[in-house]
Amino acid sequence: MVDDRWHAIADKIRATDPHLNLGQKLCAVGVEVLGATAVSIALVFNHAYSPVSASSELATLLDEEQFALGNGPTFDAQNAAGPVIIEDTHAHRASHKWPAFTPVAAKHNIHGVFAFPLRVGTAYLGVLTAYRHSPGQPSAQQYADGLILASLATAELVRHQAGVTSPELADIFEPGLYDQSALQIAAGMVAESLNCPIVVALVRIRARAFSDDKPVSEIARAIVAREIVLEK
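Residues numbered from 1 in each chain as written. Predicted model: local features only at pLDDT ≥ 70, side-chain atom pairs only at ≥ 80, totals over all residues. Heavy atoms only, no water.

**Some points on the overall build of the protein**
- Along the protein, the regular secondary structure elements total 11 helices and five strands.
- Of all 232 residues assigned to the protein, the portion counted as buried reaches 49%.
- Counting only contacts in the protein whose residues sit at least 6 apart along the sequence, the fraction spanning at least 24 positions is 59%.
- On the protein, roughly 11,100 Å² of surface is accessible, and the fraction owed to carbon and sulfur atoms is 53%. (Helix = DSSP H or I, 4+ residues; strand = E, 2+ residues; numbered from the N terminus. Buried < 20%, exposed > 50% of the residue type's maximum accessible area, 1.4 Å probe, protein only. Contact = heavy atoms within 4.5 Å. Areas by Shrake-Rupley, 256 points an atom, 1.4 Å probe, with all protein chains shown as cover.)

**Side note on the packing of aromatic side chains**
- Within this structure, the stated rule accounts for three aromatic pairs.
- What links up through ring pairs into an aromatic cluster is the set Tyr-49, Phe-67 and Phe-75. (Phe/Tyr/Trp six-rings, centres within 6.5 Å; stacked < 30°, edge-to-face > 60°.)

**Section: the sheet that holds strand β2 (residues 48-54)**
- Within the open sheet, the five strands sit side by side as β2-β1-β5-β4-β3. Their pairing is antiparallel. Each edge of the open sheet is held by one strand with a lone partner, namely β2 and β3 (84-86). Taken over all neighbouring pairs, the strand axes of this sheet differ in orientation by 20° on average, direction set aside.
- Pairing of strand β4 (residues 112-120) with strand β5 (residues 123-132), which is carried by nine bridges, proceeds in the antiparallel orientation. Bridge pairing in β5 places Pro-117 opposite Val-127.
- Against the sheet, helix α2 (residues 22-33) touches β1 (38-45) and β2, its axis set at about 130° to β1.
- Helix α3 (residues 57-69) rests against β1, β2 and β5 of the sheet, and its axis sits at about 170° to β2. (Pairing = 2+ DSSP bridges. Axes fitted to C-alpha atoms, helices over the stretch in contact; angles between N-to-C directions.)

**Some details on the pattern of salt bridges**
- For the structure shown, the criterion picks out four salt bridges.
- Across the pair Glu-32 and Lys-12 runs a salt bridge whose closest N-O atoms are separated by 2.8 Å. In this pair, Glu-32 is assigned in helix α2 and Lys-12 in helix α1 (residues 2-15), connecting sequence segments 20 residues apart. (Salt bridge = Lys/Arg side-chain N within 4 Å of Asp/Glu carboxyl O.)

**Side note on the confidence of the model for the protein**
- Taken residue by residue, the protein gives an average pLDDT of 83. The fraction at 70 or more is 85%.
- Contacts for the low-pLDDT stretch residues 166-178, under 50 throughout, to residues beyond four places or in other chains number 23 contacts. (pLDDT = per-residue confidence, 0-100.)

**Re the nonpolar core**
- Ile-9, Leu-26, Leu-128, Leu-149, Ile-205 and Ile-223 are the most contacted members of the largest nonpolar core, which totals 44 residues.
- The dominant element in this core, judged by the number of residues it contributes, is helix α7 (residues 140-162), at eight residues.
- With residues up to four places along the chain from it excluded, the contact list for Ile-9 reads Val-29, Val-33, Asp-145, Ile-148, Leu-149 and Leu-152.
- Counting residues in hydrophobic clusters, the runner-up holds 22 residues, among them Val-44, Val-84, Val-127 and Tyr-131. (Core = buried A, V, L, I, M, F, W, Y, C linked by side-chain atoms within 4.5 Å.)

**Topic: helix α11 (residues 216-224)**
- Taken together, the buried positions of α11 are Ser-217, Ile-219, Ala-220, Ala-222, Ile-223 and Val-224.
- Phi turns positive, to about 65°, at Arg-226, one or two residues after α11.

**Observations regarding unusual backbone geometry**
- The phi angle at Asn-109 is positive, at roughly 60°, despite the residue not being glycine.
- Mapped onto the elements of the fold, Asn-109 is located in the loop between α6 (101-107) and β4.

In C-alpha cells form, the structure reads like this:
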C-alpha cells in the first residue's frame, strides 16, 4: 500500500542525521531506498540550473555537466511528464539519445540514472536524480519510493524558494502530495501493465475516473491497491 511506504519513508527521514536539513535528508534516504550512489535535488527554470541539495559532490557535478552540455536525463526530466530512466548508460540506446552525457557518466562509473521531475500541477520546478554505479531498471518499489521522494522534494523546493523554514515532518505529508504521488505510482503501474507511455496511462486513469464519476485520486489509490485493473 502506498500509504505504508509514505510512513516507511517518513521513518527513514526521522532516523537520518538531525543536523541535516530536509533536502539533505531526502537525498540521503534516496541513496538508501533507490540503491543509488548519489542523489541530487535541483531547481530548474527555463533550462537554468541551481543546486538545492545533494548526497555528495558527485551528484552535483553530474547535474552541472548535463546542464552545461544541454544533454542528459536530468536535463530532459525538467519538462518530462514522468521519470526519465537510463537502465544502462553504456547501452547503444542511451549513447544515441544522450551522446554528450554518456561519456561523462562512463568517466564516473555511472551506469544507471533515474530522474524524477518535480512539479506542482503543470508547473515544473526541478528534478530529483538518482545516480547508480550498477545498471538496471528501478524495481516497482524503488519507482514508487522515488515518486514519494519527488513529491516531498517538491514541497521542500517550494518552501526553499519562499524562504520558509521546513516544518515538522508530519506537516509535509499533505493530502495533496499524497494524491499526486498515488497518481504517479498508479500511472507507472498502468504504463507497465499496458506497455504504454506514462502520458497515455494518465489519460486512461482520468478516463476511468470520468466514466465512474469519481475523483482521479480515488481511482489512482484503487489502482495502487490493485482494487482496479485497467485493461487494454
